[in-house]
Amino acid sequence: MDKINALDAFAALSQPTRLDVFRLLIKAGEQGMSAGDISGTLGVRQNTMSANLGILTRAGLIRSDREGRSIRYFADMAGLHGLLAFLMEDCCGGRPELCQPIIKELACAC
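(A) Layout of the pairing of strand 2 (residues 62-67). As paired elements, strand 2 and strand 3 (residues 70-75) share six bridges and run antiparallel to each other. Looking at the pairing, arginine 66 lines up with isoleucine 71 of strand 3. What sits between strand 2 and strand 3 in their antiparallel hairpin is a turn of two residues, with glycine 68 showing a positive phi close to 65°.

Here's what the structure looks like:
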């Protein structure tokens, strides 16, 4: 991920509803969630949610699959990986042991 893409991702996540959506989709995992379920869970009107989902999609943080008349959304783990890798690219000044606590905390215990 380059600086421009990282800035797009940060801009997308800098709004409370979009951050909530992204975290919700990370929790949903491979199952993802329909747009209606996301709206209902977060108590956000569907047209507002649609705009937020579009911004997160363009930022490369979520992806969607059409299922008949509905759309299911998923956290784009490649986008998340790219963002985290961008942040940690020059981590620790050549001392990788300093990064281990962060990496350990980020690792999924599931």
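There is more to say after this.
(B) A look at the side chain of serine 39. Along the polypeptide, serine 39 turns up in helix 3 (residues 35-42). Serine 39 sits in the buried class, given a relative accessible area of 5%. For serine 39, the residues in contact, after removing those within four places along its chain, are Val44, Arg45, Gln46 and Met49.

(C) Region of interest: the environment of asparagine 52. Turning to its location among the elements, asparagine 52 is positioned in helix 4 (residues 46-58). Considering only alpha carbons, one finds asparagine 52 and glutamine 15, 37 residues apart in sequence, at a separation of 9.1 Å. Apart from the residues within four sequence positions on either side, asparagine 52 is in contact with Gln15, Thr17 and Arg18. At 3.1 Å, the side chain of asparagine 52 forms a polar contact with the side chain of arginine 18.

(D) Here's a closer look at the sheet that holds strand 2. Spatially, the three strands line up as an open sheet ordered 1-3-2, and their pairing is antiparallel. One side of each edge strand has no neighbouring strand; the edge strands of this open sheet are strand 1 (33-34) and strand 2.

(E) Inspection of the pairing of strand 3 at higher detail. Across two bridges, strand 1 lies against strand 3 in antiparallel orientation. Looking at the pairing, methionine 33 lines up with tyrosine 73 of strand 3.

(F) Representation of the environment of isoleucine 71 within the structure. Here isoleucine 71 lies in strand 3. Sequence spacing of isoleucine 71 and serine 34 is 37 residues, and the spatial spacing of their C-alpha atoms is 5.7 Å. Beyond its immediate sequence surroundings of up to four residues, isoleucine 71 is in contact with Met33, Ser34, Ala35, Ser64, Asp65 and Arg66.

Conventions and cut-offs
- Residues numbered from 1 in each chain as written.
- Predicted model: local features only at pLDDT ≥ 70, side-chain atom pairs only at ≥ 80, totals over all residues.
- Heavy atoms only, no water.
- Pairing = 2+ DSSP bridges.
- Helix = DSSP H or I, 4+ residues; strand = E, 2+ residues; numbered from the N terminus.
- Buried < 20%, exposed > 50% of the residue type's maximum accessible area, 1.4 Å probe, protein only.
- Contact = heavy atoms within 4.5 Å.
- Polar contact = N/O pair within 3.5 Å; in protein donor to acceptor, adjacent residues only side chain to side chain.

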